[in-house]
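Commentary on secondary and tertiary structure
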Amino acid sequence: ETVIPKGQFIFRENDTGNSLFVIVRGAVSVLKKINGEEKSLGIFGGGAIFGEMALLTKEPRSASILAVTNATIIEISQEKILRLDAHSGNIMEQLWNTYNHNKFDSLCREHPDNNDMDRRARLDWFNNGESEKISGGATFGAKKWASHLYIYTGSLNLGDESYKSPAIIKLLKGLPITSMQGA
């Protein structure tokens, strides 16, 4: 456990990352530069996991994390996670689920149709949706009640437009959807 004083950054947007963090006590703010201005995307408290995106995707950190109270955190390295996963077999799956929740939440905040929803409403929308694994090259139609499609891996075509993960797409009725790479 490490105590991070209020006002100290744990990491910054675009840093490299090969570990994730669990908040034991306290709170952190997720900050992201949008149009040159650093904006708070939300607050995480005790029990929250953050930093998993860079660890899983090997991409730079997508946001900065700032302690807004004295925060006690645990840092878990990629090596430790892989060892734990080898014994339990589902830690990586759980981390990908956390990643998908957080990425969906982030995309919603940036999408003009959804940026007025609060975090609880965004995550309820995610949790109430259906999930399907689609093989590359498969063509399918959207369910009649579906308004949006969230691509969390792979890529697909919707009519003449191509989309790569991660993305939230507003569906237009009647256009065929073709998975280009497992989605």
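Residues numbered from 1 in each chain as written. Predicted model: local features only at pLDDT ≥ 70, side-chain atom pairs only at ≥ 80, totals over all residues. Heavy atoms only, no water.

What follows deals with the packing of aromatic side chains. Summed over the entire model, instances satisfying the criterion amount to eight aromatic pairs. Relative to F50, the ring of F21 lies with its centre 5.2 Å away and its plane at 10 degrees, an arrangement referred to as stacked. Within this pair, whereas F21 is found in strand β3 (residues 19-25), its partner F50 is found in strand β6 (residues 49-50), the two being separated by 29 residues in sequence. Residue F21 shares its accessibility class with F50, and that shared class is buried. With a centroid separation of 5.2 Å and an interplanar angle of 80 degrees, the aromatic rings of W96 and Y99 are classed as edge-to-face. You can see W96 and its partner Y99 sitting in helix α3 (residues 91-110), three residues apart, about one turn around the helix. A residue is classified by how much of its surface remains accessible, and W96, at 31% relative accessible area, is partly exposed. Using a relative accessible area of 7% as the deciding quantity, one classes Y99 as buried. Ring pairing ties together the aromatic residues F104, W125, F126 and Y150, which thus form one cluster. (Phe/Tyr/Trp six-rings, centres within 6.5 Å; stacked < 30°, edge-to-face > 60°. Helix = DSSP H or I, 4+ residues; strand = E, 2+ residues; numbered from the N terminus. Buried < 20%, exposed > 50% of the residue type's maximum accessible area, 1.4 Å probe, protein only.)

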